[in-house]
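Listed here are the chains, written in short residue letters.
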Amino acid sequence: MIYLDHNATTPCDPAVFEEMKKWFTEMFFNPSSIYTPSQQARQAIEDARKKVAKLLDASPEEIIFTSGGTESNNTAIIGTAYLKKNKGNHIITSLIEHHAVLNVCKFLEKNMGFQITYLPVDKYGLVDPDDVKKAITDKTILISIMAANNEIGTIEPIEEIGKIAKENNILFHCDGVQVAGKIPVSVKKLNVDFFSLSAHKFYGPKGIGALYVRKGVKFRPILYGGHQEKGLRPGTENVPAIVGLGKACEIAEKNMEDDASKEKVLRDKLEKLLFERIPEIIVNGHPEKRLYNTLNICVKYVEGESMLLHLDFEGICASSGSACTSGSLEPSHVLLALGIPPEVAHGSLRFSLGRPNTMEEIEKTADVLPKIVEKLRKMSPFWDKK
Ligand code: PLP
């Protein structure tokens, strides 16, 4: 099997799994109880909190554990909307956010009378900070822009947007799920008030994430219950997963530079070979301001899903921007926002590389895909006409 879908999820690092194990079995204790083993579990949580904080250049008190990126985004956006709805009902976001932001905004629009500005992006997927500035009104309470896009890898000008938010005294949330553990992040430098991350995107376990909340920034919790996480995210802590997240942060910090240089070489090689071997393809995303592991292409006159199925027959796992919704294939909202015509967007493929990938895997993929495309194009009436 060749796994090239690391933006969807990564394998749990064996060292992370090893560290987690005892917190499932012999150290199963509830961290809120008073006896010594429980206090050890509490300590393990606090140690993990320090590691997450270190990865983000934050203080441990600014980290809240959640169930992942989706919950972190929901908490920041809905939690701010609840608290500030009397001050204003306007939120600024972009057209290319993950659904864990877009659908939260749609919920607020439909159910809480919020007005949302969905900013356009340029052909590379970049949000223009000037557009953010122009969209601000006296009712704006929050700006939410992602650090890097999960489909095309474009890295957004977060620091500049953060400055604008600060100058205008508006809270700024950044969905950092695709950058945390991949590239260096300093929440202080980025001027963000909220920052979401998710462990399973950087070799940690699934179902655990964190939300950075700048010291002094308030929001209303979206869950109610016990006193855990200072009452801001109640529920018995998932100790093994939290420990795993901490370990994944520690490993990411150590490996980040090596991962980046190795994966970039592989990604660039894949891009070059596919370009040489397949006519009529385009690369999506910014040529330079792009995650080093991500390659998103559109292969004209072919369906992304057909290519994925054929790749799967060959043991290659990749993904496409399209989502199969209620029986109809919708092209990716991200690719459409770049101005790509729907018929071209349907032919999208995303390869996202990770730590375990090798040059042999890249070469095999670059051998297999052109043959698949040739075969599918032979069956395509559009290719025929062309
Ligand atoms: N935000 C982005 C940019 C993502 O890529 C993802 C996952 O694909 C999420 C949020 C959701 O994260 P999780 O799977 O941890 O809920």
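All of these numbers come straight from a predicted model, not from anything done at the bench.

Undergrad: Explain the side chain of R350 here, please?
TA: Here R350 lies in strand β14 (residues 348-352). Given the relative accessible area of 8%, R350 is considered buried. There is a polar contact of 3.0 Å between the side chain of R350 and the side chain of D5. A distance of 2.8 Å separates the side chain of R350 from the backbone oxygen of N150, its partner in a polar contact. Ignoring sequence-local partners within four residues, the contact set of R350 consists of L4, D5, N7, A8, N150, E151, T294, L295, N296, A318, S319 and S320.

Undergrad: What should I look at first to understand the domain arrangement of the chain in this one?
TA: Many authors give the size of an interface as the accessible area that is lost as the parts come together. Here the chain is partitioned into domain 1 (2-7 + 255-385) and domain 2 (14-251). With centres defined by C-alpha atoms, the gap from domain 1 to domain 2 works out at 29 Å. Of the residues lining the interface, 27 residues belong to domain 1; the matching set on domain 2 comes to 29 residues. Around 2400 Å² of area is buried between domain 1 and domain 2 when both sides are counted, 59% of it from carbon and sulfur atoms. Scanning the region where domain 1 abuts domain 2 turns up 14 residue pairs in polar contact (both at pLDDT 80 or more). In terms of residue count, helix α10 (residues 333-337) provides more of the side of domain 1 that touches domain 2 than any other element does, four residues in total.

Undergrad: I tried to follow a negative patch on the surface on my own but got confused; where do I start?
TA: On the surface, D122, D128, D130, E159 and E160 cluster together to form a negatively charged patch. Inspection of the secondary structure puts D130 in helix α5 (residues 129-135). Residue D130 is classed as partly exposed on the basis of its relative accessible area of 40%.

Undergrad: Looking at this model, I keep getting lost on the site of the ligand. Mind explaining?
TA: Close to the ligand lie 13 residues; G69, T70, D175, S198 and K201 are nearest. Within the side chain of H98, one N or O atom sits 3.3 Å away from an oxygen atom of the ligand. For the ligand, whose free accessible area comes to 390 Å², the fraction covered by protein is 85%. Broken down by element, the residue count for the shell around the ligand peaks at three residues, all from helix α3 (residues 69-84). Looking at side-chain class alone, the shell around the ligand contains two nonpolar, nine polar and two charged residues.

Undergrad: Teacher, can you tell me more about the sheet that holds strand β9 (residues 281-284) here?
TA: In any sheet, the strands associate via hydrogen bonds between backbone groups, in a parallel or an antiparallel arrangement. Strand order across the open sheet formed by three strands is β9-β10-β14, with antiparallel pairing between neighbours. Strand pairing shows two members of the sheet lacking a second neighbour, β9 and β14, which therefore form its edges. The mean inter-strand angle of the sheet, taken between neighbouring strand axes irrespective of direction, is 25°. Summarising the sheet, β9 and strand β10 (residues 294-299) pair through four bridges and their orientation is antiparallel. Bridged to V283 within β10 is I297. Each of β9, β10 and β14 touches helix α8 (residues 239-277); the most contacted strand, β10, lies at about 15° to it.

Undergrad: What am I meant to see in the packing of α3 against helix α4 (residues 99-112) here?
TA: Helix packing geometry: the angle between the two helix axes and the distance between the axes. Where α3 contacts α4, the axes come no closer than 9 Å and their chain directions differ by 30°. Regarding the angle of α3 to α4, the classification is roughly parallel. The handedness of the crossing between α3 and α4 is right-handed. On α4, the residues that touch T70, N73, N74, I77, I78, A81 and Y82 of α3 are A100, V101, V104, F107, L108 and M112. Residues that form the contact of α3 with α4 fall into these classes: ten nonpolar, three polar and no charged.

Undergrad: Before we go on, may I ask you to explain the nonpolar core in this structure?
TA: Inside soluble globular proteins, nonpolar side chains tend to come together where they are buried. Of all hydrophobic cores here, the largest spans 70 residues; its most connected members are I143, F195, F202 and L245. It is α8 that contributes the most residues to this core, ten residues altogether. For this core, the domains that each give at least three residues are domain 1 (2-7 + 255-385) and domain 2 (14-251). Apart from residues lying up to four places away in sequence, I143 is in contact with I92, V132, I136, I161, A165, I170, L171, F172 and H173.

Rules used throughout
- Residues numbered from 1 in each chain as written.
- Predicted model: local features only at pLDDT ≥ 70, side-chain atom pairs only at ≥ 80, totals over all residues.
- Heavy atoms only, no water.
- Helix = DSSP H or I, 4+ residues; strand = E, 2+ residues; numbered from the N terminus.
- Buried < 20%, exposed > 50% of the residue type's maximum accessible area, 1.4 Å probe, protein only.
- Polar contact = N/O pair within 3.5 Å; in protein donor to acceptor, adjacent residues only side chain to side chain.
- Contact = heavy atoms within 4.5 Å.
- Domains from an automatic or database assignment.
- Buried area = accessible area lost by both parts, 1.4 Å probe.
- Patch = residues over 30% accessible without salt bridge, like charges linked within 9 Å, V, L, I, M, F, W, Y side chains within 5 Å.
- Areas by Shrake-Rupley, 256 points an atom, 1.4 Å probe, with all protein chains shown as cover.
- Salt bridge = Lys/Arg side-chain N within 4 Å of Asp/Glu carboxyl O.
- Lys, Arg positive; Asp, Glu negative; His and termini not counted.
- Charge placed at Lys NZ, Arg CZ, Asp CG, Glu CD.
- Near = heavy atom within 4 Å.
- Nonpolar A, V, L, I, M, F, W, Y, C, P; charged D, E, K, R; others polar.
- Pairing = 2+ DSSP bridges.
- Axes fitted to C-alpha atoms, helices over the stretch in contact; angles between N-to-C directions.
- Parallel < 35°, antiparallel > 145°, perpendicular 65-115°, else oblique.
- Left-handed = near helix turned anticlockwise from the far one by under 90°.
- Core = buried A, V, L, I, M, F, W, Y, C linked by side-chain atoms within 4.5 Å.

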